[in-house]
Amino acid sequence: MVLNLLGGFLATLIATLTGVLLAFGLDRWKQQIARKQRNLDVLKSIRKELELNQDIADNTSRLVRKLQNRGLHDEADHYIIDLYSTDAWNTAIQEQIKSDLNSSVYYSLQSLYHQIRTTNEITRRLRTETLHPEVGKTENLGNYSHEIYTTTIEYYDQENSETDILGLAIMLHHRAREIEAEIRDLQESIDDQIDRIEQEVPEETSIIAYLRSQSEFIFSLV
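Residues numbered from 1 in each chain as written. Predicted model: local features only at pLDDT ≥ 70, side-chain atom pairs only at ≥ 80, totals over all residues. Heavy atoms only, no water.

Q: How should I be thinking about the overall build of the protein chain in this particular structure?
A: Along the backbone of the protein chain there are five helices and four strands. The N-to-C order of helical and strand elements in the protein chain reads α-α-α-β-β-β-β-α-α. Counting only residues that meet the buried cut, the protein chain has 33% of its 222 residues in that class. For the protein chain, the share of sequence-separated contacts (at least 6 apart) that also reach a separation of at least 24 residues comes to 75%. (Helix = DSSP H or I, 4+ residues; strand = E, 2+ residues; numbered from the N terminus. Buried < 20%, exposed > 50% of the residue type's maximum accessible area, 1.4 Å probe, protein only. Contact = heavy atoms within 4.5 Å.)

Shown next as structure tokens:
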């Protein structure tokens with residue numbers, strides 16, 4: 001009788017401890033699933049945001065080219081260019097998407113959005129600048145000349161490690177082309193990351209089946 005009581009006590013103790021450990025493990029598992037699902041949703045939002053930014057970049061290039069046509073500057077005195085969107089990326093940083101994203105893709109996105117943020121600053125300035133009164137005409141700058149776009153600025157050219165002079169609008173045109181190219185290079189990699197994370201997030205039926213199997217296991221110990 002004592003042995004039966006002892007055996008029953010041990011079985012109950014083992015079942016209780018096993019249940020606690022399983023519950024703890026299940027809670028961590030559920031948290032990981034929830035995090036992956038949030039990051040999956042954020043990554044899908046980034047993909048949509050990049051499609052939007054690609055359209056903005058294309059429209060920026062078209063608008064700048066159109067406004068440089070001779071005669072058009074007589075009809076307007078300001079550029080109205082859309083800012084690139086960064087909402088999805090800002091959310092991604094808050095959600096720590098880096099934990100579920102390939103490091104190469106993450107750093108490429110980080111570099112792209114840095115380019116976008118600095119380009120938005122140029123766009124904000126361009127919105128406050130009036131069109132150059134001589135826009136469309138040629139300006140001589142020492143050994144070379146170029147068509148006047150907007151206010152000319154001096155900036156540091158990292159590629160050539162020297163300062164250069166460029167108009168705000170044509171700089172935006174160059175930036176738009178660079179952003180378009182970076183987005184095209186990233187799109188396939190982002191789709192691959194989305195597919196991978198989707199496979200790592202179990203369906204609801206799989207979760208229910210797992211919970212049922214663990215419950216049956218615990219009750220079999222009692």
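Moving on from the coordinates now.
Q: Just checking my understanding: could you explain the packing of aromatic side chains for this structure?
A: We describe a pair of aromatic rings using the distance from one ring centre to the other and the angle between the two ring planes. Counted under the stated rule, the structure contains three aromatic pairs. Relative to Tyr106, the ring of Trp89 lies with its centre 5.6 Å away and its plane at 40 degrees, an arrangement referred to as tilted. Note that Trp89 is positioned in helix α2 (residues 87-94) and Tyr106 in helix α3 (residues 103-128), a separation of 17 residues in sequence. Of the two residues examined, Trp89 and Tyr106, each falls in the buried class. (Phe/Tyr/Trp six-rings, centres within 6.5 Å; stacked < 30°, edge-to-face > 60°.)

Q: Is there a simple way to explain the nonpolar core in this structure?
A: Nonpolar side chains tend to gather and get buried jointly when the protein is soluble and globular. Leu43, Ile46, Leu50, Ile97, Leu109 and Ile190 are the most contacted members of the largest nonpolar core, which has 28 residues in total. The greatest single-element share of this core, amounting to eight residues, is contributed by helix α1 (residues 2-67). Filtering out sequence-adjacent residues up to four positions away, Leu109 remains in contact with Ile46, Leu50, Trp89, Leu101, Leu186 and Ile190. Within the second largest apolar cluster, eight residues are counted, among which are Ile81, Leu168, Met171 and Leu172. (Core = buried A, V, L, I, M, F, W, Y, C linked by side-chain atoms within 4.5 Å.)

Q: Could you clarify how one ought to interpret the pattern of salt bridges in this entry?
A: Pairing between side chains of opposite charge can happen when the charged atoms of each approach one another. Counted by the stated rule, this structure contains nine salt bridges. The residue Asp100 makes a salt bridge to Lys36 at a minimum N-O spacing of 3.1 Å. With Asp100 in the loop between α2 and α3 and Lys36 in helix α1, this residue pair connects regions lying 64 residues apart in the sequence. For Arg62, the salt bridge is made with Asp58, and the minimal N-O distance between the two is 2.8 Å. One end of the pair, Arg62, and the other, Asp58, are both in helix α1, four residues apart, so they sit about a helical turn from each other. Shared partners join several salt bridges into a network, and the residues in it are Arg35, Lys36, Asp100, Arg196 and Glu200. (Salt bridge = Lys/Arg side-chain N within 4 Å of Asp/Glu carboxyl O.)

Q: Sorry if this is basic, but what is going on with α3 here?
A: Think of an α-helix as turning once every 3.6 residues; residues three or four places apart then point the same way. A rise of 1.5 Å per residue sets the reference length of α3, with its 26 residues, at 38 Å; its end C-alpha atoms lie 38 Å apart and thus fit the reference within 8%. The set of residues buried in α3 consists of Val105, Tyr106, Leu109, Leu112, Tyr113, Gln115, Ile116, Thr119, Asn120, Ile122, Thr123 and Leu126. The distance from a side-chain oxygen at the start of α3 to the backbone nitrogen of Ser104 is 2.8 Å, and the residue carrying that oxygen is Asn102. (Expected span 1.5 Å × (residues − 1). Polar contact = N/O pair within 3.5 Å; in protein donor to acceptor, adjacent residues only side chain to side chain.)

Q: Looking at this structure, how should I read the environment of Asp100?
A: With relative accessibility at 5%, the residue Asp100 sits in the buried group. Once the C-alpha coordinates of Asp100 and Arg196 are considered, the two residues, 96 residues apart in sequence, prove to be 9.8 Å apart. Beyond its immediate sequence surroundings of up to four residues, Asp100 is in contact with Arg35, Lys36, Asn39, Gln193, Arg196 and Ile197. At 2.7 Å, the side chain of Asp100 and the side chain of Asn39 are in polar contact.

Q: How do you make sense of the environment of Gly167 when you look at a structure like this?
A: Counting through the fold element by element, Gly167 comes out in strand β4 (residues 162-167). Here Gly167 falls in the buried class, since its relative accessible area comes to 4%. For the pair formed by Gly167 and Leu126, sequence separation is 41 residues and the distance between their alpha carbons is 9.9 Å.

Q: Even after reading the chapter, I still don't get α2, so can you show me in this structure?
A: Regarding α2, the residues found buried are Ala88, Trp89 and Ala92. Projected down its long axis, α2 carries its buried residues within an arc of 95 degrees, all on one side. In α2, the exposed positions angled more than 90 degrees off the buried face are occupied by Asp87 and Gln94. One or two positions beyond α2, positive phi appears at Gln96, with a value near 55 degrees. (Arc of directions from axis to C-beta.)

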